[in-house]
Amino acid sequence: MELRSLSTLQSSSDVIFKFILCCGIFVKGGQVTEEEIVRDFNTNVTLPCRNTQNEVIRWEKEGKISKQVLPNGDLFLENVQRNDSGLYQCSTAAQDEILSRIRLVIHSPPAALKNITVVPATVYALIKWQSEADDIDSITNITIKYKEENSVEWHYSHRENPSNEKVEIFELKPNSSYVFQIWASNKLGRGEITNVTAKTLHDNEEIAVERRKDDPERIELIPNIIVNPGCSVSGPLSCSQLKIGGSADEDDEEMTTEYFACCNGAKVINV
């Protein structure tokens, strides 16, 4: 196998290649600087090739041959998308001289969020996700759309702070299946939607308290609340007589001090 002359390719800051062997690409003197072209998705792009000798040109993108070569040797890309990003290289068809190296960067809506998890409780769910590294700086918001599996009514949760990669969805029904849709957006539009299905826990599998939005001071007791152990009540009522969904009024004449000592000692989880 014959070895051809070695040549050095340099970018503006570093040496790109220090040598190239036969059956690779041989560069005839001079320097080939890597250029960068940035375009938005859904546009047409022409990559120029320094074909001063009007030779037959060959374009490659990361080892794959590109076929839309114009008569003058430039490469035409129509309606570019995210996957068109990458390093393009033109050379003479005989592969004996590199003429241009261009890195194409396509700005587009975000890719689908990754590592999405839904952790359901009885009346709420915690949703976590991660963004693609290339999208983090451009994302403007995260949107979550959810509904009961057999319902047609959707609800929305809109996150203006995309750096906080989690959200809690409240006011869900226990023991119910929900469909969640989640996506990221940037100035170019909405990204790819991901669908996740999860089922909330049965109402006797977890202790929880759901705060009513119309009255933050009023709480709703969830079934199976644990009464303060070892408490005894001498008054006319007992803790077990406090009905689910009701509220305790400390000024009620029938309520005794012992009663409130017992009921206020109940173990609850604030959501």
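Residues numbered from 1 in each chain as written. Predicted model: local features only at pLDDT ≥ 70, side-chain atom pairs only at ≥ 80, totals over all residues. Heavy atoms only, no water.

Remarks on the side chain of Lys-147
Phase 1 of the analysis: Relative to the helices and strands, Lys-147 is located in strand β12 (residues 141–148).
Phase 2 of the analysis: Glu-149 provides the closest opposite charge to the buried, unpaired Lys-147, separated from it by 7.7 Å.
Phase 3 of the analysis: Within the structure, Lys-147 has its side chain in polar contact with the backbone oxygen of Glu-149 (distance 3.2 Å).
Phase 4 of the analysis: Apart from the residues within four sequence positions on either side, Lys-147 is in contact with Val-152, Glu-153, Trp-154, Ser-177, Tyr-178 and Val-179. (Helix = DSSP H or I, 4+ residues; strand = E, 2+ residues; numbered from the N terminus. Buried < 20%, exposed > 50% of the residue type's maximum accessible area, 1.4 Å probe, protein only. Lys, Arg positive; Asp, Glu negative; His and termini not counted. Salt bridge = Lys/Arg side-chain N within 4 Å of Asp/Glu carboxyl O. Polar contact = N/O pair within 3.5 Å; in protein donor to acceptor, adjacent residues only side chain to side chain. Contact = heavy atoms within 4.5 Å.)

So, the environment of Ser-177
Phase 1 of the analysis: Mapped onto the elements of the fold, Ser-177 is located in strand β15 (residues 177–186).
Phase 2 of the analysis: What makes Ser-177 partly exposed here is its relative accessible area of 24%.
Phase 3 of the analysis: Not counting the four nearest positions on each side in its chain, Ser-177 is found in contact with Lys-147, Glu-148, Glu-149, Ala-198 and Lys-199.

A look at the packing of aromatic side chains
The way to describe two aromatic rings as a pair is by their centre distance and the angle between their planes.
Phase 1 of the analysis: Taken as a whole and judged by the stated rule, the model has 3 aromatic pairs.
Phase 2 of the analysis: Residues Tyr-124 and Phe-170 carry aromatic rings whose centres are separated by 5.7 Å and whose planes lie at 25 degrees to one another, so their mutual orientation is stacked. Here Phe-170 lies in the loop between β14 (166–169) and β15 and Tyr-124 lies in the loop between β10 (114–120) and β11 (125–130), a separation of 46 residues in the sequence.
Phase 3 of the analysis: By relative accessible area, Phe-170 is classed as partly exposed at 34%.
Phase 4 of the analysis: Members of the aromatic cluster, each reached through a chain of ring pairs, are Tyr-146, Tyr-178 and Phe-180.
Phase 5 of the analysis: Taking NZ or CZ as reference, Lys-147 lies 5.2 Å from the ring centre of Trp-154, over its face. (Phe/Tyr/Trp six-rings, centres within 6.5 Å; stacked < 30°, edge-to-face > 60°. Lys NZ or Arg CZ within 6 Å of the ring centre and 35° of its normal.)

Section: the nonpolar core
Phase 1 of the analysis: Among the nonpolar cores identified, the biggest contains 19 residues, and Ile-127, Trp-129, Ile-144, Phe-180 and Ile-182 are the most heavily contacted of them.
Phase 2 of the analysis: At the level of elements, β10, β11, β12, β14, β15 and β17 (194–199) are the ones that each hand at least two residues to this core.
Phase 3 of the analysis: At 4 residues, β15 tops the list of elements feeding residues into this core.
Phase 4 of the analysis: Those residues in contact with Trp-129 that lie beyond four places of it in its chain are Leu-113, Lys-114, Asn-115, Ile-116, Ile-142, Ile-144, Asn-164, Glu-165, Lys-166, Val-167 and Ile-182.
Phase 5 of the analysis: Judged by nonpolar contacts, the second largest core, of 16 residues, contains Val-45, Leu-47, Leu-77 and Cys-90. (Core = buried A, V, L, I, M, F, W, Y, C linked by side-chain atoms within 4.5 Å.)

Details of the pattern of salt bridges
Oppositely charged side chains may form a pair once their charged atoms are brought near each other.
Phase 1 of the analysis: Across all of its chains, the model carries 7 salt bridges by this definition.
Phase 2 of the analysis: Among the charged side chains, a salt-bridge network with shared partners connects Glu-34, Arg-101 and Arg-103.

Considerations on the state of the cysteines
Phase 1 of the analysis: Applying the stated rule across the entire model yields 1 disulfide.
Phase 2 of the analysis: Bridging Cys-49 to Cys-90, the disulfide has an S-S length of 2.1 Å. Judged by the torsion about the S-S bond (85 degrees), the Cys-49/Cys-90 disulfide is right-handed. Residue Cys-49 is found in the loop between β4 (45–47) and β5 (57–61), and its partner Cys-90 is found in strand β8 (residues 86–92); the two are separated by 41 residues along the sequence.
Phase 3 of the analysis: Assessed through its relative accessible area of 9%, Cys-49 is described here as buried. (Disulfide = S-S within 2.5 Å.)

Some details on the confidence of the model for the protein chain
Phase 1 of the analysis: Per-residue confidence for the protein chain gives a mean pLDDT of 74, with 63% of residues at or over 70.
Phase 2 of the analysis: Within the model, the stretch residues 1–29 combines pLDDT values under 50 with 57 contacts to residues more than four positions away or in other chains.
Phase 3 of the analysis: When the criterion is pLDDT under 50, residues 205–209 qualifies, and its contacts beyond four places in sequence or with other chains add up to 21 contacts. (pLDDT = per-residue confidence, 0-100.)

Considering the sheet that holds strand β6 (residues 64–66)
The strands that make up a sheet pair up through hydrogen bonds in the backbone, lying either parallel or antiparallel.
Phase 1 of the analysis: Read across the sheet, 5 strands follow the order β3-β9-β8-β5-β6 without closing on themselves; strand pairing throughout is mixed. Both outer strands of the open sheet, β3 (34–40) and β6, are each paired with one neighbouring strand and no more. If you compare each strand with its neighbour and ignore which way they point, the axes differ by 30 degrees on average.
Phase 2 of the analysis: Across 7 bridges, β3 lies against strand β9 (residues 98–107) in parallel orientation. Across the sheet, Asp-40 pairs through a bridge with His-107, a residue of β9. (Pairing = 2+ DSSP bridges. Axes fitted to C-alpha atoms, helices over the stretch in contact; angles between N-to-C directions.)

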